Amino acid sequence: QVQLVESGGGLVQTGGSLRLSCAPSRSIFSIDSMGWYRQAPGKQREWVATISRVGTADYVDSVKGRFTISRNYAKNTVYLQMNSMRPEDTAVYYCNAHTSGSGDYWGQGTQVTVSS
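The model shown is predicted, which means the values in this text are computed figures rather than measured ones.

Draft legend 1. Main features of unusual backbone geometry. A positive phi angle, close to 50 degrees, is found at N76, a residue other than glycine. Checked against the element boundaries, N76 lands in the loop between β7 (67-72) and β8 (77-82). Accessibility expressed as a relative area gives 18% for N76, which makes it buried. Its identity as a non-glycine residue notwithstanding, S84 has a phi of 50 degrees, on the positive side. Along the chain, S84 falls in the loop between β8 and β9 (91-99).

In C-alpha cells form, the structure reads like this:
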C-alpha cells in the first residue's frame, strides 16, 4: 500500500507558475515510477508527466517546455513545477505511484485553476 499526500494547488493567472508536491508513505526508491495526471470538468483523466525510478522524465506534448517533474530523495517528495500556465491547464491534478508488484495508487487530488 502507498498513501499519497498532495499539496500546492490554487489559483494563478495566465502565464503564472505553481508547484505541486506529492509525498508517498513509503520510500520513492521502492516505487517504479511516479507521475501526475489531471482531469478537467467534463473530460477524462489525462496523463501529464512521469518520472521513473532511475530519473527518466516524460511529458504529454501540451506541457513540454512548461512543466517539469522532479523528486527530492531527502524529502521523499515528487514535484510538478508548472510555468507559463494557460487556462487549459485548469483541472484537478492527481499524483500517481506505479508499482509493478501491487499496481497503481492515487492521491486525493488538488485543484489548479488558471484565470484568463
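Next comes the rest of the description.
Draft legend 2. Geometry of the nonpolar core. Among the nonpolar cores identified, the biggest contains 30 residues, and M34, W36, L80, M82 and Y93 are the most heavily contacted of them. Listing elements by their share of this core, those giving two or more residues are β3 (18-24), β4 (33-39), β5 (46-52), β7, β8, β9 and β11 (110-115).

Conventions adopted
- Residues numbered from 1 in each chain as written.
- Predicted model: local features only at pLDDT ≥ 70, side-chain atom pairs only at ≥ 80, totals over all residues.
- Heavy atoms only, no water.
- Helix = DSSP H or I, 4+ residues; strand = E, 2+ residues; numbered from the N terminus.
- Buried < 20%, exposed > 50% of the residue type's maximum accessible area, 1.4 Å probe, protein only.
- Core = buried A, V, L, I, M, F, W, Y, C linked by side-chain atoms within 4.5 Å.

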